[in-house]
Amino acid sequence: MEIFKNRYKREAVEVHCPQCKRSQIIYLPDEKMPDCPVCRKKMIIKEVLTEGKY
């Protein structure tokens, strides 16, 4: 059961750019908040994705 111990520590979140509305999915806290590849603004959290996880 050691394999499943750390399974749900990371959360999938959808982030989007406030300027150009480009979105992507990242895993927190494994990844840091990205910059938008188009306009170079810091992306913000749009939604925490938990559907079908448990």
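All of these numbers come straight from a predicted model, not from anything done at the bench.

**Things to note about the side chain of Glu14**
Among the structural elements, Glu14 can be located in strand 1 (residues 11-16). Aside from chain neighbours lying at most four places away, what touches Glu14 is Ser23, Gln24, Ile25, Ile44, Ile45, Lys46, Glu47 and Leu49.

**Concerning the pattern of salt bridges**
What the rule picks out here adds up to 1 salt bridge. Ionic pairing is found between Asp35 and Lys42, a salt bridge with its closest N-O pair at 3.6 Å.

**Regarding the nonpolar core**
In terms of nonpolar packing, the biggest core is built from 6 residues, these being Val13, Val15, Cys17, Ile26, Cys36 and Met43. Residues within four places of Ile26 in sequence aside, it is in contact with Glu11, Ala12, Val13, Val15, Glu31, Lys32, Met33 and Pro34.

Criteria and thresholds
Within any chain, residue numbers begin from 1 and follow the written order of that chain's sequence. Totals for whole chains, interfaces and linings use all residues, but because this is a predicted model, local features are given only for residues with pLDDT of at least 70 and pairs of side-chain atoms are given and counted only at 80 or more. Side-chain numbers come from the whole structure's heavy atoms, not from hydrogens or water. In DSSP terms, a helix is any run of H or I states spanning at least four residues, a strand is any run of E spanning at least two, and both are numbered starting from the N terminus. Any two residues whose heavy atoms approach within 4.5 Å at even a single point are treated as in contact. Definition used for salt bridges: Asp or Glu carboxyl oxygen within 4 Å of a side-chain nitrogen of Lys or Arg. In this description, a nonpolar core means a group of buried Ala, Val, Leu, Ile, Met, Phe, Trp, Tyr and Cys residues linked to one another through side-chain atoms lying within 4.5 Å. Three labels apply to residues, based on accessible area from a 1.4 Å probe with only protein chains included: buried if under 20% of the type maximum, exposed if over 50%, partly exposed otherwise in between.

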